[in-house]
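Summary of the model geometry
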Amino acid sequence: QVQLVESGGGLVQAGGSLRLSCAASGRTGTVYSMDWFRQAPGQEREFVAAIRWLGPDTSYGDPVKGRFTISRDNANNTAYLQMNSLKPEDTAVYFCAATDTITKKYTHWGQGTQVTVSS
């Protein structure tokens, strides 16, 4: 099992920045990638960003390209999401998720952290 705990959410004004953290524990050797998703009220969950746990590959959803940066610290089993130039439409609950190295499926999810961007 892998446990994921997000932190770093909060209230910020438009144009501001936040950095989210996702701390992983347990069988982190089974993790293939760490991804971020978000879900706003009444909307479907949306892909934000992904990073290979043991490689350089990253990917981003179109709405956040050029503003968000995903990174990781393997020594501390933590993934980060640096969010700059935040917009009110970035308001959502942000979740981190881990894919399994064998199935490449999302097998573990965090509880989410609220990000609210005021205009």
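For the structure itself, look to the data block above.
So, a few notes on the structure that sits alongside this text. Computed from a predicted structure; not experimentally measured.

The next thing to look at is the state of the cysteines. Defined simply, a disulfide is a covalent bond joining two cysteines at their sulfur atoms. Evaluation of the coordinates by the stated rule reveals one disulfide. The disulfide partner of Cys22 is Cys96, and the S-S distance across this bridge is 2.0 Å. Taking the torsion about the S-S bond as the criterion, the Cys22 to Cys96 disulfide, at about 60 degrees, is right-handed. Of this pair, Cys22 sits in strand β3 (residues 18–26) while Cys96 sits in strand β9 (residues 92–100), placing them 74 residues apart in sequence. Comparing Cys22 with Cys96, the two get one shared label, buried.

Right, let's get into the nonpolar core. Membership of the largest hydrophobic core comes to 28 residues, with the highest contact counts inside it found for Met34, Trp36, Leu81, Met83 and Tyr94. Among the secondary structure elements, those contributing two or more residues to this core are β1 (2–7), β3, β4 (31–39), β5 (46–52), β7 (68–73), β8 (78–83), β9 and β11 (113–118).

Moving on, we come to the environment of Val115. Its location among the elements puts Val115 in strand β11. Along the backbone, Val115 and Ala40 are 75 residues apart, and their C-alpha atoms lie at a distance of 9.7 Å.

So, about the pairing of β1. Regular strands place side chains that alternate from one sheet face to the opposite one. Only one face of β1 is buried: it carries Val2, Leu4 and Glu6, and the other face, with Gln3, Val5 and Ser7, is open. Both β1 and β3 contribute to a ladder of six bridges, which runs antiparallel. Note that in β3 the partner of Val2 across the bridge is Gly26.

Using the criterion set out here, one finds four aromatic pairs in the structure. With 5.2 Å between their ring centres and 85 degrees between their planes, Phe37 and Tyr106 make a pair best called edge-to-face. You can see Phe37 sitting in strand β4 and its partner Tyr106 sitting in strand β10 (residues 106–109), a full 69 residues away along the chain. Relative accessible area serves as the criterion here: at 35%, Tyr106 is assigned to the partly exposed category. On the numbers, 5.7 Å between centres and 45 degrees between planes, the contact of Tyr106 with Trp109 is tilted. Put simply, the rings of Phe37, Phe47, Tyr106 and Trp109 touch in pairs and so form one group of aromatic residues. Lying over the aromatic face of Trp109, Arg45 brings its terminal NZ or CZ to 4.6 Å of the ring centre. Lying across the ring of Tyr32, Lys104 places its NZ or CZ 4.6 Å from the centre.

As summarised here, the arrangement of the four strands in space is β1-β3-β8-β7, forming an open sheet in which the pairing is antiparallel. Looking at which strands have only one partner, the edges of the open sheet turn out to be β1 and β7. The average angle at which neighbouring strand axes cross in this sheet is 15 degrees, direction not considered.

Cut-off values and rules
Residues numbered from 1 in each chain as written. Predicted model: local features only at pLDDT ≥ 70, side-chain atom pairs only at ≥ 80, totals over all residues. Heavy atoms only, no water. Disulfide = S-S within 2.5 Å. Helix = DSSP H or I, 4+ residues; strand = E, 2+ residues; numbered from the N terminus. Buried < 20%, exposed > 50% of the residue type's maximum accessible area, 1.4 Å probe, protein only. Core = buried A, V, L, I, M, F, W, Y, C linked by side-chain atoms within 4.5 Å. Pairing = 2+ DSSP bridges. Phe/Tyr/Trp six-rings, centres within 6.5 Å; stacked < 30°, edge-to-face > 60°. Lys NZ or Arg CZ within 6 Å of the ring centre and 35° of its normal. Axes fitted to C-alpha atoms, helices over the stretch in contact; angles between N-to-C directions.

Worth remembering: the numbers are spatial, not functional.
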